[in-house]
Structure formats: structure tokens, C-alpha cells
Amino acid sequence: MQKKRIYIAGHNGMVGSAIFRALSANDNVELIHRTHSELDLTSQAAVNNFFNTTKIDEVYLAAAKVGGIHANNECPADFIYQNLMIEANVIHAAHQAGIQKLLFLGSSCIYPKYAAQPMSEDALLTGVLESTNEPYAVAKIAGIKLCESYNRQYGRDYRSVMPTNLYGVNDNFHPDNSHVIPALLRRFHEAKESNNPTVTVWGSGLPMREFLYVDDMVSASIYVMNLDHEVYAKNTQPMLSHINVGTGVDCTIRQLVETMAKVVGYHGEIIFDASKPDGTPRKLMSVDRLSCLEWTYKHDLFTGLKLTYAWFTKNINSFRR
């Protein structure tokens, strides 16, 4: 039997590499991938040439320029330009190559800053975005609308999934530009190793956030990609077709930090610096649409953090270079 050829754009990132691991277990699949040096996805000519010369049956579009609040604030032009180019080039070239199935991976930052909680899919484009990552969010919204537009005009089957805050194996643990879980995990580990009596965490610890282990995100992505078209169409709308992916469960930052200290084995004092900003009080995704499609997550926060910390300690030398 001929193998299905699947291209994973962004296979070196946290989500892309997890998709690669998951699909590698399927004997009926041949995975196609290119590094950035081999294929610059912001180059329309390079992307067109790649799709024209490489037989591909399906695409997982996990490639993106990502970063924390600092990076988004410092380089907004880079974030909107690079992400718009990647999405437009890959989606259009896939269409021109006659590829019928594509899955676009977005972000929960697409929703308005003051969206009702939990945030449902129909909150899209109903209010002002969070200013710190607005350029990135606009690009991700454009990705959703690109998929929907090619579906409407050309009958393609391009789908979109929007994950909540992700963490896990192959995350970015850089001390300056990583997200909250990898940043805190590294801080607690280093505090334990150096016997620091205290760890200081920004904010009051009261804001609530939702976190999803990356392997669960991948499980949902593959599940949505392989849904029967009629089932997918029945549970979405042509111009509101994206699906939230999360746990539907949140916790306070204090609960996150206390769980993390337990996982790492840090027994010192945790100080919350309430003079520092808290950010949005709550950010929780509605997963009703995904639940109706009979998918749910497997890893609770403690289990996911344990797996992430085990991988971090095994690979710690690579983070110290």
C-alpha cells in the first residue's frame, strides 16, 4: 500500500516535533520535513518550488515565529510579517499543488482581551486584542481566514485548531524569552541546585491560566485532521471553523507554582511580588466544540510537569550553552 506523504512545517518546534514523533509511529505514513536553512517559508518562490517538486498529500502547518511578551513588544513587525508570509505562502502553495487537506495551528491569543470566560470560538473578532501580542494575533486570525477562504472558494478541506497555553518536551527554556512554565521550571531547578532559600515570582499569584501538555495538543490535532469531513462541517461553521484545544480547566498561578515546586523538589520559600503586573485576571478556553467531537486530554498538570521536568533535566546541558 502506498504511504501517505505528510509535510510537517515547523518540525523542529515544540508542537511540530511532537507531531513528528506521533506520526512516526504510523507505518502507513511518510513524513516530509525541511529545516529553515533548507526551506525559508517566508520566501514565496522557495515555497512554491518545494510544493511543485515534492509530492505531498497532507500538511500540518505548525511553523511560526513565536516568543514571549518581551519579544512581541520589541519586534512586532517581525512577528506580523513573518507569520503572515509563512501562512500565506504555505496555504496558497498547498492549494496550487492540489493538496486537499491541511491543518493550521493557531493560538488562544486570537481572542479579544476582555472576552467572556471561558472563551468560545464565536468570540473571535468581537473585541480589541491584547496590545502586547496584537501583531502575532492578527497574523494567526489571518491564518484561520485563509483556510476558510480556500475552503469556500475552492472546496478545500483546510482546518484550524487553537491551543491554549502549551508546555512540554522540546519547549523553549531560554531565561529571557520563554513562556511561564519553562521559565519558572528552570528558575526552580536552578534554585534547588544552588540551595537558594527563596524564589520570587512576579505578581500576586491570583490570575488564573489554563495549560495543556503538548502531546495532548498533538493528539487533538491529529484527531481533528482525521475527522470525517461531514462530522467536522457539522460541528463548525464555514466562517467560524476553528476549534479550541485545551483542558477546559484552569488554576491560579499560585497553584501552578506550588505544583511546580513539588515536581522539581524545591523546598524553599516562594515569594509573590505583588508590585509586578498580574496581566489578564483569567484566560480559559471553552472546549465544548471539541468535547462534542468526543476528544479529551489525558495529562493533568502534575503529570505533564513531571514529564517536562524529566526531559529538561536530561537535556539541561544543551540549555547552558
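Quick caveat: nothing in here was measured; it's all calculated off a predicted structure.

Caption draft 1: Main features of the overall build of the protein chain. Scanning the protein chain from N- to C-terminus turns up 12 helices and 13 strands. Across its three principal axes, the protein chain shows a C-alpha extent of roughly 60 × 40 × 40 Å. For the protein chain, the residues scored as buried account for 50% of the 321 residues in total. Counting only contacts in the protein chain whose residues sit at least 6 apart along the sequence, the fraction spanning at least 24 positions is 81%. Only carbon and sulfur atoms are counted for the fraction: they give 50% of the accessible area of the protein chain, which is about 15,200 Å². Distance between charge centres in the protein chain, computed from 30 positive and 32 negative side chains, equals 3 Å.

Caption draft 2: A look at the sheet that holds strand β11 (residues 251–252). The strand order across the open sheet built from three strands is β11-β8-β13, with neighbouring strands paired in mixed fashion. Looking at which strands have only one partner, the edges of the open sheet turn out to be β11 and β13 (282–283). Both strand β8 (residues 208–209) and β11 contribute to a ladder of two bridges, which runs antiparallel. The partner of R209 across the bridge, within β11, is C251.

Caption draft 3: Local environment of helix α7 (residues 214–225). Between its first and last C-alpha, α7 extends 16 Å over 12 residues, near the 16 Å set by a 1.5 Å rise per residue. Judged by how many residues are buried, α7 sits mostly within the fold: nine of 12 residues are covered. Regarding α7, the residues found buried are V214, D216, M217, V218, A220, S221, I222, V224 and M225.

Caption draft 4: Seen up close, the side chain of T308. Structurally, T308 is set in helix α11 (residues 301–314). Classification of T308 as buried rests on a relative accessible area of 1%. There is a polar contact of 2.8 Å between the side chain of T308 and the backbone oxygen of G304. Dropping the residues within four chain positions of it, T308 is found in contact with Y167, G168, V169, F173, L185 and Y213.

Caption draft 5: Representation of helix α5 (residues 134–154). Given a rise of 1.5 Å per residue, 21 residues ought to cover 30 Å, and the 30 Å separating the end C-alpha atoms of α5 matches this to within 8%. Listed in full, the buried residues belonging to α5 are P135, Y136, A137, A139, K140, I141, G143, I144, C147, E148 and Y150. Packed against the buried residues of α5 are α3 (69–74), α4 (76–96), β4 (101–105) and β5 (157–163). In the stretch just after α5, G155 is the one whose phi turns positive, near 70°.

Caption draft 6: Structural context of the nonpolar core. Ranked by size, the top nonpolar core spans 40 residues in total, and within it Y7, L41, F51, V59, L61, V90 and L102 carry the most contacts. Mapped by element, the contributors of at least two residues to this core are β1 (4–9), α2 (44–53), β3 (58–61), α4, β4, α5 and β5. Each residue touching L61, except ones within four places of it in the same chain, is listed here: A9, I86, E87, V90, I91, L103, F104 and L105. In terms of nonpolar packing, the next biggest core, distinct from the first, is built from 30 residues, L23, L31, A62 and V224 among them.

Caption draft 7: Summary view of the environment of G265. Here G265 shows up in the loop between α9 (253–264) and β12 (269–273). In the structure, G265 is positioned 242 residues away from L23 in sequence and 34 Å away in space, judged by C-alpha atoms.

Caption draft 8: Spatial organisation of the pattern of salt bridges. If you walk through the whole model with that rule in mind, you get 10 salt bridges. The partner of R159 in a salt bridge is D157, and the shortest N-O contact between them spans 2.8 Å. Look at R159 and you get buried, because its relative accessible area is 0%. The residue R282 makes a salt bridge to D250 at a minimum N-O spacing of 2.7 Å. Of this pair, R282 sits in strand β13 while D250 sits in the loop between β10 (243–245) and β11; the two residues are 32 residues apart in sequence, bridging distant segments of the chain. Take R282: its relative accessible area is 33%, and that puts it in the partly exposed class. Classification of D250 by relative accessible area gives buried; the value is 16%.

Caption draft 9: Region of the structure containing the environment of Y297. Position of Y297 among the secondary structure elements: in the loop between α10 (288–292) and α11. With 83 residues separating them in the primary sequence, Y297 and V214 have C-alpha atoms 10 Å apart. The contacts of Y297, once residues within four sequence positions are left out, are L212, D216, G246, T247 and V249.

Rules and cut-offs
Residues numbered from 1 in each chain as written. Predicted model: local features only at pLDDT ≥ 70, side-chain atom pairs only at ≥ 80, totals over all residues. Heavy atoms only, no water. Helix = DSSP H or I, 4+ residues; strand = E, 2+ residues; numbered from the N terminus. Buried < 20%, exposed > 50% of the residue type's maximum accessible area, 1.4 Å probe, protein only. Contact = heavy atoms within 4.5 Å. Areas by Shrake-Rupley, 256 points an atom, 1.4 Å probe, with all protein chains shown as cover. Lys, Arg positive; Asp, Glu negative; His and termini not counted. Charge placed at Lys NZ, Arg CZ, Asp CG, Glu CD. Pairing = 2+ DSSP bridges. Expected span 1.5 Å × (residues − 1). Polar contact = N/O pair within 3.5 Å; in protein donor to acceptor, adjacent residues only side chain to side chain. Core = buried A, V, L, I, M, F, W, Y, C linked by side-chain atoms within 4.5 Å. Salt bridge = Lys/Arg side-chain N within 4 Å of Asp/Glu carboxyl O.

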